[in-house]
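# A look at the structure
Each chain is listed here by its residues.
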Amino acid sequence: MKRILITFSLIISLLLVTSCSNYFSKKELHQSNVTPDLHLSANTGNAKFKARWWEDYGSPELNKLVEEALAQNLTLKIAQARVKEARAKMASYNANRFPQVDLGYDYEKEKNADGSISDDSNYFFTPTYTVDLWGANYALYKSYENKFIAQEFQAKAAAMTIISEVVSTWLKIRFGQKEYDLLNEQLHSYEGVLKYQLNNYTQGTAADQDILNNQNKIQQFTTRIYQNIIKVDGLRYELAYLIGRSPAQDIKISNKDLPPLIPLPAKGLSSDLIKDRPDIKSAWYTLIAADWDEHNSKLAMLPTFDISVKFSDVNLGSVLGSWSKIANTVTYTAMDWGRLRSGVAEKKAIVERNVATYVDTVYRAIVEVRNELIKNKHQLEQISWFENQLKLAQAKYNEAKVNAENGGGDSISVIFKLINLRNDELALVRENEKLNLRRVNLYNSLGGNVWKSNSKAS
């Protein structure tokens, strides 16, 4: 019997050492080798990366919309509720690491054969404790602790996305309103051309085809104006949803000068990106939680040891000094037909999946930033070309006006030069809108610790 006990103890010790050493060596491996050492060789701006980057627009209106979204957006509220759920689970599994105490009171009343009545009362409490010999309860608690942290960073990633969507929608509305103004100016210009042609038609100098072409132009611009109104109104509904308002509530957006382009941030792409992006942090803590789950599944193969003591006495004051029952139970699964080993294999596969997910998240983040930097660069080049075209159209319009004033040209030529100028202005507005939206995407891709200076985002 003694030999059996010694052998049993050696087996348990070997299992414990093996499971713990595998776990800690694996975790160390993740921490040192999983994060790839990647750098970006690209020219970025000189502006300091700000946590609250949208404030660079200098718009109190936009700042208020972002604050409202962080406080009321329904997607964020769902994410924040999940954080609370994860925190509660973590607290629950942490409580399992400590003894459980049951309090009770018995009262019994009995009628005797002689007609007398006797009663009896008893107070008791029973501490029960599962001795965490191998650290299984601690491993389970650490798993849920890391899941809670991962859920927090998921909520922060959601906040990061919502902020960029609010800013992008606001920009689309502002540029849509500017486009509406330019389309109306174009419409009035073509109406002026048509009026001129009709006046000259009565004198027999204008062709029917020219009049028909300009009537078609007027119809086209009228249609585009209505399409613009529908688009901008739809964007207002989207913005209302993003900031947590009812779609029935009207949102008035300023129609003053277009907002300035926020500066290109001087942000690197290796450790800074990994440090800042919440989705990367969430993937990392999910991986660590899976590591603890695998560790716990290995410990489940070892024996468990429960202790239960029942203190009982009719006098509550002396209850601690009177125990009526002590029980301890040692449990070990000797044969389960591979169920526990299959559980370990499953947890190991989950760890491998989370390793791949983490690396994929890092790679995807790097690709996103690289793409946005390239798109910003080419968009700036394209805008430079459109600005040159606009300068040329402006010069031709000025020349036509001077010629008309000096008697060297007619008013219809001036109107057509103005139409060309407005067309180039409209094209430049659209290209600037694209650049602004790409700049927002870049800031979103870079992460940004918006929650550090705004607790509502966390």
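As shown above, the structure is provided for reference.
Residues numbered from 1 in each chain as written. Predicted model: local features only at pLDDT ≥ 70, side-chain atom pairs only at ≥ 80, totals over all residues. Heavy atoms only, no water.

## As for the overall build of the chain
Spelled out, the test is: Secondary structure elements follow DSSP: runs of H or I no shorter than four residues count as helices, runs of E no shorter than two count as strands, and numbering proceeds from the N terminus. Exposure is judged per residue with a 1.4 Å probe applied to protein chains only, and the accessible area is read against the type maximum: over 50% gives exposed, under 20% gives buried, and values in between give partly exposed. Contact between two residues is taken to exist if any of their heavy atoms lie within 4.5 Å; hydrogens are not considered. For the area figures, the Shrake-Rupley method with a 1.4 Å probe applies, and any residue is considered shielded solely by the protein chains shown.
When its secondary structure is counted, the chain shows nine helices and four strands. Each of the 458 residues in the chain was classed as buried or not, and the buried ones make up 40%. In the chain, of all internal contacts separated by at least 6 residues, the share reaching a separation of at least 24 is 81%. Accessible area of the chain: about 25,700 Å², with a carbon and sulfur share of 53%.

## Quick word on the packing of aromatic side chains
Our working rule: To pair, rings of Phe, Tyr and Trp, with the six-membered ring standing in for Trp, must have centres within 6.5 Å; the planes then decide the type, stacked if under 30 degrees apart, edge-to-face if over 60, and tilted in the middle. Cation placement over rings: the criterion is NZ of Lys or CZ of Arg within 6 Å of the ring centroid and within 35° of the ring normal.
Taken as a whole, this structure holds nine aromatic pairs when the rule is applied. Relative to Tyr443, the ring of Trp53 lies with its centre 5.2 Å away and its plane at 25°, an arrangement referred to as stacked. Pair noted here: Trp53 is in the loop between helix H1 (2-34) and helix H2 (60-72) and Tyr443 is in helix H9 (residues 411-446), with a separation of 390 residues, a long-range link. Owing to a relative accessible area of 2%, Trp53 belongs among the buried residues under this scheme. The class for Tyr443 is buried, based on a relative accessible area of 0%. Aromatic side chains Tyr57 and Trp170 sit 5.8 Å apart centroid to centroid with 70° between the ring planes, which places their arrangement in the edge-to-face category. Of this pair, Tyr57 sits in the loop between H1 and H2 while Trp170 is found in helix H4 (residues 136-201), placing the two residues 113 residues apart along the sequence. Looking at Tyr57, the relative accessible area reads 4%, which means it is buried. Positioned over the ring face of Phe221 is Arg224, at 4.9 Å from the centre of the ring.

## Quick word on the side chain of Arg277
In this structure, Arg277 sits in the loop between helix H6 (271-276) and helix H7 (278-299). Classification of Arg277 by relative accessible area gives buried; the value is 3%. Not counting residues within four places of it along the chain, the set of residues in contact with Arg277 comprises Ala365, Glu368, Ser445, Leu446 and Gly447.

## Let's talk about helix H3 (residues 74-95)
Rule in force here: Here the expected length of a helix is defined as 1.5 Å per residue gap, with one fewer gap than residues. For this quantity, the arc is that covered by the directions from the helix axis to the C-beta atoms. Whenever two N or O atoms come within 3.5 Å, that pair is a polar contact, provided that in protein one can donate a hydrogen and the other can accept it, and provided that, for residues adjacent in sequence, both atoms are side-chain atoms.
Between its first and last C-alpha, H3 extends 32 Å over 22 residues, near the 32 Å set by a 1.5 Å rise per residue. Taken together, the buried positions of H3 are occupied by Leu76, Ala79, Val83, Ala86 and Met90. For H3, the angular spread of buried residues about the axis comes to 75°, placing them on one side. Exposed and facing more than 90 degrees away from the buried side of H3 are Lys84 and Glu85. Sitting at the head of H3, Asn73 places a side-chain oxygen 2.9 Å from the backbone nitrogen of Thr75.

## Description of the nonpolar core
Defined as follows: Among buried residues, the Ala, Val, Leu, Ile, Met, Phe, Trp, Tyr and Cys ones that are joined through side-chain atoms within 4.5 Å form a nonpolar core.
Membership of the largest hydrophobic core comes to 53 residues, with the highest contact counts inside it found for Trp53, Tyr57, Val166 and Val167. Going through the elements one at a time, H2, H3, H4, helix H5 (208-242) and H9 are the ones with two or more residues in this core. Apart from residues lying up to four places away in sequence, Trp53 is in contact with Ile163, Ser164, Val167, Ile262, Val440 and Tyr443. Judged by nonpolar contacts, the second largest core, of 14 residues, contains Ala139, Ala290, Val351 and Val362.

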